[in-house]
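Summary of the model geometry
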Amino acid sequence: MARYEIRKNDDPIRSKMAEIDTHVSGCVYVNKNKSFLKKLFPDRNQRELAEHELRLSQTEFQFRENALRIARNAQLQAIEEMYNDYLVRGKVPIRRERAAFVAEQRNILETHLQNLSEEFEISMMISYKKAEQISIPSMKDRKLEMLDNTITDYYDLIRQLKENFRQILDESVES
């Protein structure tokens, strides 16, 4: 039969387990000095002693199982805390870089849209001036209506582009 041993150290769980292990190893029912018949047909006292040792072994096993469960849970909690700390420390520079990138891209987008709007306004003023010079009233009205629709469509497009940019910023990676 293989014999294992728990060594004592500064850990109180291991110390208690080693103490129980030492006690149980001293309570072995089968003694080498007993006859074969006494081993096969034990008397009442020997049976009670064997049952007691069995209950003691079961108690010791349950204690060890609980102690190992507690130790494992403590280790898992420690690992979880270390991992959470690592994530928090790692996220700060990433979020800082992301915020800087987003601000820079927003400024670029705003500047570019502003330049395009100025160019569009200049071209629309020229188109309005040309439309005002049209001598046929129905054609002039149609041209002005078309320019009004173009302006409305243009600013709707700008608004939609800004909303799309905001939606891109709001997206996140799902795990």
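Residues numbered from 1 in each chain as written. Predicted model: local features only at pLDDT ≥ 70, side-chain atom pairs only at ≥ 80, totals over all residues. Heavy atoms only, no water.

**Overview of the overall build of the protein chain**
A count of helices and strands for the protein chain gives four helices and zero strands. Going through the 175 residues of the protein chain one by one, you find that 13% of them count as buried. Nonlocal contacts in the protein chain, meaning residues at least 24 apart in sequence, comprise 55% of its contacts between residues at least 6 apart. Looking at the protein chain as shown, the accessible area adds up to about 15,100 Å², and 56% of this sits on carbon and sulfur atoms. (Helix = DSSP H or I, 4+ residues; strand = E, 2+ residues; numbered from the N terminus. Buried < 20%, exposed > 50% of the residue type's maximum accessible area, 1.4 Å probe, protein only. Contact = heavy atoms within 4.5 Å. Areas by Shrake-Rupley, 256 points an atom, 1.4 Å probe, with all protein chains shown as cover.)

**Side note on the packing of aromatic side chains**
Under the definition given, this model contains three aromatic pairs. Ring plane angle 15° and centroid distance 3.9 Å describe the contact between F120 and Y154, whose orientation is recorded as stacked. With F120 in helix 3 (residues 44-132) and Y154 in helix 4 (residues 137-170), the pair connects residues that are 34 residues apart, well separated along the chain. Take F120: its relative accessible area is 12%, and that puts it in the buried class. On the basis of an interplanar angle of 85° and a centroid distance of 6.3 Å, the ring pair of F120 and Y155 is categorised as edge-to-face. Taken together, the residues F120 in helix 3 and Y155 in helix 4 connect sequence positions 35 residues apart. (Phe/Tyr/Trp six-rings, centres within 6.5 Å; stacked < 30°, edge-to-face > 60°.)

**Some thoughts on a nonpolar patch on the surface**
A grouping of L37, L40 and F41 is seen on the molecular surface, where their side chains present a nonpolar patch of about 360 Å² in accessible area. Positionally, L37 belongs in helix 2 (residues 36-40). (Patch = residues over 30% accessible without salt bridge, like charges linked within 9 Å, V, L, I, M, F, W, Y side chains within 5 Å. Salt bridge = Lys/Arg side-chain N within 4 Å of Asp/Glu carboxyl O.)

**Some thoughts on the confidence of the model for the protein chain**
The pLDDT averaged across the protein chain works out to 82; a share of 78% of its residues lies at or above 70. Across the protein chain, helix 4 holds the top mean pLDDT of 91, while helix 1 (residues 12-25) sits lowest at 66. (pLDDT = per-residue confidence, 0-100.)

**Regarding the pattern of salt bridges**
Between side chains of opposite charge, a pair can form when the charged atoms approach closely. Under the defined criterion, the tally for this structure stands at seven salt bridges. The salt bridge involving R69 is made with E65; its shortest N-O contact spans 3.9 Å. With R69 and E65 both in helix 3 and four residues apart, this pair spans about one turn of that helix. Here R69 falls in the partly exposed class, since its relative accessible area comes to 35%. R89 is the partner of D85 in a salt bridge, and the nearest nitrogen-oxygen pair spans 2.9 Å. On the criterion of helical spacing, the pair formed by D85 and R89 is a turn pair, its members being four residues apart in helix 3.

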